[in-house]
Amino acid sequence: MARLLSAEDVLGALFTQTQFRDGYDEREVDVLLDEVVAVLRQHAAGAPPGLTAEQVEAKRFTATRFRRGYDQGDVDAFLADVVHTLRHLESGGRPVAPASPASPASPAGAARGVGWSSQAAAEPTLGAKVLRALRGDRG
């Protein structure tokens, strides 16, 4: 069952990491999620958004196998919720309020996962900084 998401739900998304099995390129997923956060905030502010449900559905990521990536099933399930949310907003629905801290927005079984790091997010955690350093990101 697809659920409606807020920008904060997207910021709090967790995905299981993969290595030595198929995954999606983390940076590509992170960039798309940054765009999703921006469009959800635009909808909440009443501004015209730039990203559509159709564009999210059409997005394809580079597959990873011998380097770290995000679990494809986790990402696909979460993006189904993103598409559902964008269609709701595009048809005139109201943006949803942020989820309560007691109900995190993460795919089932992602407790072992890591959050994606967004420039839109507040101060990154130590773990996010270490992960970024390990994969060679600047910033």
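Note that the structure is predicted; figures quoted are calculated from it, not measured.

(A) Broad picture of the overall build of the protein chain. What the protein chain contains, in helices and strands, is five helices and six strands. Listing each helix as α and each strand as β along the protein chain from the N terminus yields α-β-β-β-α-α-β-β-α-β-α. A total of 139 residues make up the protein chain; the buried ones form 35% of that total. Within the protein chain, counting contacts between residues at least 6 apart in sequence, those at least 24 apart form 87% of the total.

(B) Broad picture of the sheet that holds strand β4 (residues 63–64). If you trace the four strands from one edge of the open sheet to the other, you get β2-β5-β3-β4, paired in antiparallel fashion. Of all strands in the sheet, those bounded by a partner on one side alone are β2 (17–18) and β4. Packing against the sheet, helix α2 (residues 26–45) makes contact with β2, β3 (23–24) and β5 (69–71), and its axis sits at approximately 70° to β5. With respect to the sheet, helix α4 (residues 72–90) is in contact with β3, β4 and β5, its orientation differing from that of β5 by roughly 65°.

(C) Spatial organisation of α4. The terminal C-alpha atoms of α4, which comprises 19 residues, lie 26 Å apart, in line with the 27 Å expected from a rise of 1.5 Å per residue. By the burial criterion, the buried members of α4 are D74, V75, F78, L79, D81, V82, V83, T85, L86 and L89. At its buried positions, α4 is contacted by α1 (7–11), β1 (14–15), β3, α2, α3 (53–58) and β5. One side-chain oxygen at the N-terminal end of α4 lies 3.1 Å from the backbone nitrogen of G73; it belongs to D71.

(D) Region of interest: the packing of aromatic side chains. This structure, assessed with the given rule, holds four aromatic pairs. Between F15 and Y70, the aromatic rings sit 5.2 Å apart at their centres with planes inclined by 45°, giving tilted as the arrangement. With F15 in strand β1 and Y70 in strand β5, this residue pair connects regions lying 55 residues apart in the sequence. The pair F15 / Y70 is uniform in exposure class, with both members buried. Taken together, a centroid distance of 5.7 Å and an interplanar angle of 85° make the contact between F15 and F78 edge-to-face. With F15 in strand β1 and F78 in helix α4, this pair connects stretches of sequence that are 63 residues apart. Grouping residues by exposure puts F15 and F78 together as buried. Put simply, the rings of F15, Y70 and F78 pair up and form one aromatic cluster.

Parameters and conventions
- Residues numbered from 1 in each chain as written.
- Predicted model: local features only at pLDDT ≥ 70, side-chain atom pairs only at ≥ 80, totals over all residues.
- Heavy atoms only, no water.
- Helix = DSSP H or I, 4+ residues; strand = E, 2+ residues; numbered from the N terminus.
- Buried < 20%, exposed > 50% of the residue type's maximum accessible area, 1.4 Å probe, protein only.
- Contact = heavy atoms within 4.5 Å.
- Pairing = 2+ DSSP bridges.
- Axes fitted to C-alpha atoms, helices over the stretch in contact; angles between N-to-C directions.
- Expected span 1.5 Å × (residues − 1).
- Polar contact = N/O pair within 3.5 Å; in protein donor to acceptor, adjacent residues only side chain to side chain.
- Phe/Tyr/Trp six-rings, centres within 6.5 Å; stacked < 30°, edge-to-face > 60°.

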